[in-house]
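So you can see what is in the structure, the chains are spelled out below.
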Amino acid sequence: MASTVTKRPGYGQLLRTRGAWTFLVPGFAARQPFAMLTISIVLLVQHTTGSYGVAGAAAAVTGVSMALCAPYGGRLADRYGQRAVLLPGVLLHALSGLTLTALALTHAPLWALFAAAVPTGASVPQIGPMVRARWGVRLQGSPLMNTAAAFESVTDELTFVFGPLLATALCTTVAPAAGLVTEATLTLLGGLLFAASKSTQPAVTAARHARVEHVSALRVPGVRVLVVAFLGIGSVFGGMQVSLAAFTESIGEPGLNGVLYGVFAAGNMLSGIVCGAVAWKAAPRRRLVAGYGALALTASGLWTAHSVPLLAGLGLLVGMCIAPALITGYTLVEDLVPAGARTEAFTWLTGAVALGQAVAVTVAGQLEDRLWAGAGFLVPAGGTLLAFATLAALRSRLTPRPRSLTVARGVGHRAPVTVD
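Quick caveat: nothing in here was measured; it's all calculated off a predicted structure.

Caption draft 1: Broad picture of the packing of aromatic side chains. Using the criterion set out here, one finds 3 aromatic pairs in the structure. Considering the side-chain rings of Phe23 and Trp135, the 5.2 Å spacing of their centres and the 80° angle between planes classify their relative orientation as edge-to-face. One end of the pair, Phe23, is in helix α2 (residues 20-31); the other, Trp135, is in helix α7 (residues 127-138), with 112 residues separating them in the sequence. Summarising the burial analysis for this pair, Phe23 and Trp135 share the class buried.

Caption draft 2: Expanded view of the environment of Gly191. With respect to the helices and strands, the residue Gly191 is situated in helix α9 (residues 178-195). You can call Gly191 buried: its relative accessible area is 1%. Each C-alpha atom of the pair Gly191 and Pro125 lies 7.3 Å from the other, and the pair is 66 residues apart in sequence. For Gly191, the residues in contact, after removing those within four places along its chain, are Ala30, Leu86, Val90 and Leu186.

Caption draft 3: Main features of empty space enclosed by the protein. As enumerated under the stated definition, the model contains 9 cavities of 30 Å³ or more in all. Taken as a whole, the second largest cavity encloses approximately 160 Å³ of empty space. Considering the residues around the second largest cavity, the lining is formed by 16 residues, among which Phe34, Leu37, Thr38, Gly63 and Gln357 are closest to the centre. Listing elements by their share of the lining of the second largest cavity, those giving two or more residues are α3 (34-49), α4 (52-80) and α15 (342-370). Among the residues forming the lining of the second largest cavity, the class breakdown is 11 nonpolar, 5 polar and no charged.

Caption draft 4: Molecular detail of the layout of surface pockets. Estimated volume of the second largest pocket: approximately 260 Å³. Around the second largest pocket, the lining comprises 18 residues; the ones closest to its centre are Gly73, Val85, Ala122, Ser123 and Val124. Listing elements by their share of the lining of the second largest pocket, those giving two or more residues are α4, α5 (82-105) and α15. Per-element accounting of the lining of the second largest pocket gives the leading share, 6 residues, to α4.

Thresholds, definitions, all that
Residues numbered from 1 in each chain as written. Predicted model: local features only at pLDDT ≥ 70, side-chain atom pairs only at ≥ 80, totals over all residues. Heavy atoms only, no water. Phe/Tyr/Trp six-rings, centres within 6.5 Å; stacked < 30°, edge-to-face > 60°. Helix = DSSP H or I, 4+ residues; strand = E, 2+ residues; numbered from the N terminus. Buried < 20%, exposed > 50% of the residue type's maximum accessible area, 1.4 Å probe, protein only. Contact = heavy atoms within 4.5 Å. 1 Å grid on protein atoms, 1.4 Å probe; cavity = no way out; pocket = protein on both sides within 12 Å on 5 of 7 lines; lining within 4 Å. Points joined across faces, edges and corners; volume = space filled by probe spheres on them. Nonpolar A, V, L, I, M, F, W, Y, C, P; charged D, E, K, R; others polar.

This is the structure:
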């Protein structure tokens with residue numbers, strides 16, 4: 001059923017929300033390194049081993065580890081507070097990332113790289129979900145929540161404009177290890193800065209003592225459908241990163257890798273800005289299915305591109321289709337999941353993107369090694385088509401239903417609520 005909303009609160013009103021800037025600025029600084037991690041690992045390990053397959057596998061272990069651990073980190077943040085999770089997390093991540101760098105430079109065996117990649121991925125700070133949870137506390141029940149979801153998607157994509165560009169520039173002009181070293185350093189400094197902003201983090205006192213059952217957000221059927229959709233989005237990110245690196249190297253222009261990925265991310269960012277400014281009348285579920293269909297269609301054409309201009313144009317279109325899907329998916333979480341489980345729900349979606357990216361990096365790396373330069377672009381095509389088929393078949397689960405299972409509402413809420 002179409003929404004009757006005709007006017008959307010603007011970004012200006014959102015940014016005037018009391019206390020917003022105290023977590024937005026450090027949050028942006030803390031999430032910046034996330035976009036540098038995969039490409040930094042790929043470029044470093046490919047340099048030391050000469051294989052995109054090995055590089056993709058090392059990056060994939062990091063992504064899988066993050067995908068498996070992120071939801072539990074989100075649940076701990078809901079229950080014990082963001083600061084309690086962030087402080088040890090960023091310290092572990094920095095140490096693990098530097099260890100992985102040292103092992104790669106000393107040509108350590110593959111098992112050693114994998115062993116270091118596990119804690120590197122497991123400790124990636126989930127800043128995006130934590131910022132979204134802070135918006136949820138500040139804007140509970142406000143129509144600004146949709147605008148906040150769009151704003152966060154734009155912020156995420158802004159990091160994916162600068163992150164790969166910075167990582168690629170460091171790895172290709174300074175040293176192959178410079179990207180990963182910078183990522184570890186920025187994660188530590190940015191994470192500590194974000195953790196220091198205590199006034200806006202969700203309260204946890206009531207959640208610690210609540211005698212109610214903590215049910216995973218993954219028990220919500222709609223969240224499971226969104227996880228599949230976000231896995232497909234992750235396949236685009238992972239497939240693009242490896243395939244663009246291989247393609248630009250094959251034409252003797254490795255420096256164009258960051259530029260082409262930046263064009264892709266810029267399309268994502270620009271469409272996110274528009275998405276947040278439009279007063280949508282169509283229901284979120286319909287928007288997600290339609291937008292995802294466009295994403296699958298455009299991603300299916302990437303493997304046919306054999307020139308830089310054509311690849312840049314297609315990448316721009318693919319990027320423009322991702323933001324609407326991400327924004328709508330995160331907006332649906334607000335309707336499907338109680339406030340006390342939203343950080344966990346957001347981390348399931350973030351983890352799904354990471355897992356999809358990890359699988360895509362691995363498969364795309366193998367295709368690049370075994371077939372032709374650019375064969376890895378088949379991965380985004382296959383990933384989005386499979387996810388779209390699932391999304392279209394199970395779209396009815398994205399409609400909120402009567403609730404029956406009790407979930408603790410953390411973060412300063414007074415009473416337990418239920419989910420299906």
